[in-house]
Each structure stands twice: as C-alpha cells, then as structure tokens.
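# Chains, contacts and geometry: an overview
Below, each chain spelled out in residue letters.
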Amino acid sequence: MNHDSVIAVRPHKTIYRDGARCVKAFDEAFSKADILNEALNQARIEQTGLNIPKLLGVNTVDGKWAILTEYVEGKTLAQLMAENPGKKDEYLAFFVDLQLQMHAMTCPLLNKLKDKMHNKISASGLDATTRYDLHIRLDSMPNHNKICHGDFNPSNIVLTPDGTPYILDWSHATQGNASADAARTYLLFCLADDHAAAEQYLDLFCRKSDTARQYVQQWMPIVAASQLVKSTGAEREFLLSWVGVVDYQ
C-alpha cells in the first residue's frame, strides 16, 4: 500500500491517502468491535443518500485494522474558514444548513443516542449522585430518531472544487435528538477555544431550526458528561465545568 500523504494524525489512529482511497488505520487502543461498528455506521449512512465518502472495505494494513473509503478531493470547511476569515459568517450558515439537512433524515438501524449516552455517563468516573442525576435528566428528554453525527464540526466537512459538501467521520453516529447533536457541536467550538463561533453557531442553529436556545442548553451537561470517558487535562476540566451546570439559563 502506498502512503501518498498523511492527511491527519489523531490519538491512536492515522489517516492517509492511498491513490483514490483514504485509509484510516487504528492502533491497538481501538477494539475490533468499535472499528467494525464505525464501518457499519458508514455503510448505513451511505444508504440514506447523504453525500459521504463511499465505504470500500475493512482490512489490515501493516498489521493494523483499517477502514478504507474513497478519497474526496477538496478542502475542509475549517481550512476555508481559516483562509477566508471575511466569509466566516457565510460558512457558518452553510455549516448549519448542512447539519439540518442531515437531521431531516432517519436511519433506523443506527444505535440509539440515549443508549450510547447512558453507557458513557456510567463510565464517566463521576460520583454516583451526579451520575444518577444525569441518567434521570437524560431519560426525561424527548425521544427522536433523527440522524445525529456526534462529531459535527467544520474539520469533518470537505468541499470539493465544485462546492459539493461531503460529511466525514461517522464513528459516533446515532439516531436521536437533533438538539443533543447541536449541543455537542457547540461544545466542540468551545473546546477549540472559539467561543464567538460557538455562540454564533448556536444562534444560527436555533433560528434556522426554530428551536429554543434553552432547550439545546438543557442537553449540554448531559452531552458534556458523555464525553468525559476519553478526555484528559484541560478538556476534561472544561467538560466537568459544564456537567456542574444544573439549570443553565
């Protein structure tokens, strides 16, 4: 296999181009089950008709499990925002419109968002009283079945030279409440230390989806707690500060 170029290096995985293919290679920190589940998510989302890279296979590369997809030529929305700061408002509006298009679709075979969050909260390391409160609050939130990406941020959107958007990285995909997905995106902007974009994003999402801002905010402590499992350092401290918000206004 030819490693033409490394596209990205993430904790415990490397993504590189191999001709017309994109290879995501995982190390031993990822279980075989998680890798196969990510590939299955991608195959199921592909059937919805959303613009995503086509799944080509799951294989071992240099002794590591890897997911092979088609390589999509283009730039990420994050790159375009950095290169064209004067167009950031336009890009954010486009970003929200794309997320809402995704939320308008369903994929009945995906895992349920609430089930995943309950499991994550249980493994969060939080004390029993806090976990109990979060489980109760999660159960009280409305049940929906919309496609939720789980890591919807500008670096996971690629625009081809003709402007066609492709959504990448479906490892966290579930079906559930769109406002939980929006809360996660808001927190991702904050974790990237772009609080102005986080607020602008949330305003756009709520206006375009006709969703009360307070409703998305009710999800934030729950979503923050569910992200604690693999977080460390400053990221964990930030998430813990959100978990402690009981009635955010």
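In this report, the structure presented in the accompanying data block is examined. Being a predicted model, the structure only gives us computed values, none of them experimental.

### Topic: the overall build of the protein chain
Looking only at helices and strands, the protein chain features nine helices and ten strands. For the protein chain, the C-alpha atoms occupy an extent of roughly 50 × 40 × 35 Å along the three principal directions. The burial tally for the protein chain puts 47% of its 249 residues in the buried class. A separation of at least 24 residues holds for 64% of the contacts in the protein chain among residues at least 6 apart in sequence. Carbon and sulfur atoms make up 50% of the accessible area of the protein chain, which totals about 12200 Å². Of the side chains in the protein chain, 25 bear a positive and 30 a negative charge, and the two mean positions are spaced by 3 Å.

### Section: the sheet that holds strand β1 (residues 5-10)
An order of β1-β2-β3-β5-β4 is seen for the five strands of this open sheet, with the pairing classed as antiparallel. Lying at the two open borders of the sheet, with one neighbouring strand each, are β1 and β4 (55-61). If you compare each strand with its neighbour and ignore which way they point, the axes differ by 20° on average. The pairing of strand β3 (residues 21-26) with strand β5 (residues 64-70) spans five bridges and is antiparallel. Pairing of R21 across the sheet is with E70, part of β5.

### Topic: the nonpolar core
F95, W170, Y186, Y201 and W219 are the most contacted members of the largest nonpolar core, which has 56 residues in total. With residues near it in sequence (within four places) discarded, Y201 still touches L92, F95, V96, Q99, A182, T185, Y186 and F189. Counting residues in hydrophobic clusters, the runner-up holds six residues, among them Y16, A25, A66 and L68.

### Observations concerning helix α3 (residues 88-103)
In a regular helix each residue adds 1.5 Å, so 16 residues correspond to 22 Å; α3 covers 22 Å between its end C-alpha atoms and thus fits that length. Of the residues making up α3, those classed as buried are Y91, L92, F95, V96, L98, Q99, L100, M102 and H103. Those residues of α3 that are buried lie in contact with α2 (77-83), β7 (146-148), β8 (157-159), β9 (165-167), α6 (178-191) and α7 (195-209).

### Some thoughts on the side chain of Q175
By secondary structure assignment, the location of Q175 is in strand β10 (residues 174-176). When neighbours within four sequence positions are excluded, Q175 is seen to be in contact with C107, P108, L109, L110, N111, K112, L113, H144, N145 and K146.

### Focus: the pattern of salt bridges
Throughout the structure, instances matching the rule amount to ten salt bridges. The residue E73 makes a salt bridge to R17 at a minimum N-O spacing of 3.5 Å. Taken together, the positions of E73 in the loop between β5 and β6 (75-76) and R17 in strand β2 (residues 13-18) put the pair 56 residues apart, joining distant regions of the chain. You can call E73 partly exposed: its relative accessible area is 44%. Take R17: its relative accessible area is 25%, and that puts it in the partly exposed class. A salt bridge links R213 to D203; the nearest nitrogen and oxygen atoms lie 2.5 Å apart. A residue pair is termed long-range when its members are at least 10 positions apart, and R213 in helix α8 (residues 213-226) and D203 in helix α7 qualify at ten residues. With relative accessibility at 24%, the residue R213 sits in the partly exposed group. Residue classification places D203 among the partly exposed positions, given a relative accessible area of 44%. Each of K24, E38 and D169 takes part in a single network of salt bridges with overlapping partners.

### Some words on the pairing of β1
Examined bridge by bridge, β1 and β2 share five bridges and lie antiparallel to one another. In the strand pairing of β2, A8 is matched with I15.

### What about the sheet that holds β8?
Pairing within the open sheet is antiparallel, and its three strands lie in the order β6-β8-β9. At either margin of the open sheet sits one strand with a lone partner, and together these are β6 and β9.

Quick notes on the rules
Residues numbered from 1 in each chain as written. Predicted model: local features only at pLDDT ≥ 70, side-chain atom pairs only at ≥ 80, totals over all residues. Heavy atoms only, no water. Helix = DSSP H or I, 4+ residues; strand = E, 2+ residues; numbered from the N terminus. Buried < 20%, exposed > 50% of the residue type's maximum accessible area, 1.4 Å probe, protein only. Contact = heavy atoms within 4.5 Å. Areas by Shrake-Rupley, 256 points an atom, 1.4 Å probe, with all protein chains shown as cover. Lys, Arg positive; Asp, Glu negative; His and termini not counted. Charge placed at Lys NZ, Arg CZ, Asp CG, Glu CD. Pairing = 2+ DSSP bridges. Axes fitted to C-alpha atoms, helices over the stretch in contact; angles between N-to-C directions. Core = buried A, V, L, I, M, F, W, Y, C linked by side-chain atoms within 4.5 Å. Expected span 1.5 Å × (residues − 1). Salt bridge = Lys/Arg side-chain N within 4 Å of Asp/Glu carboxyl O.

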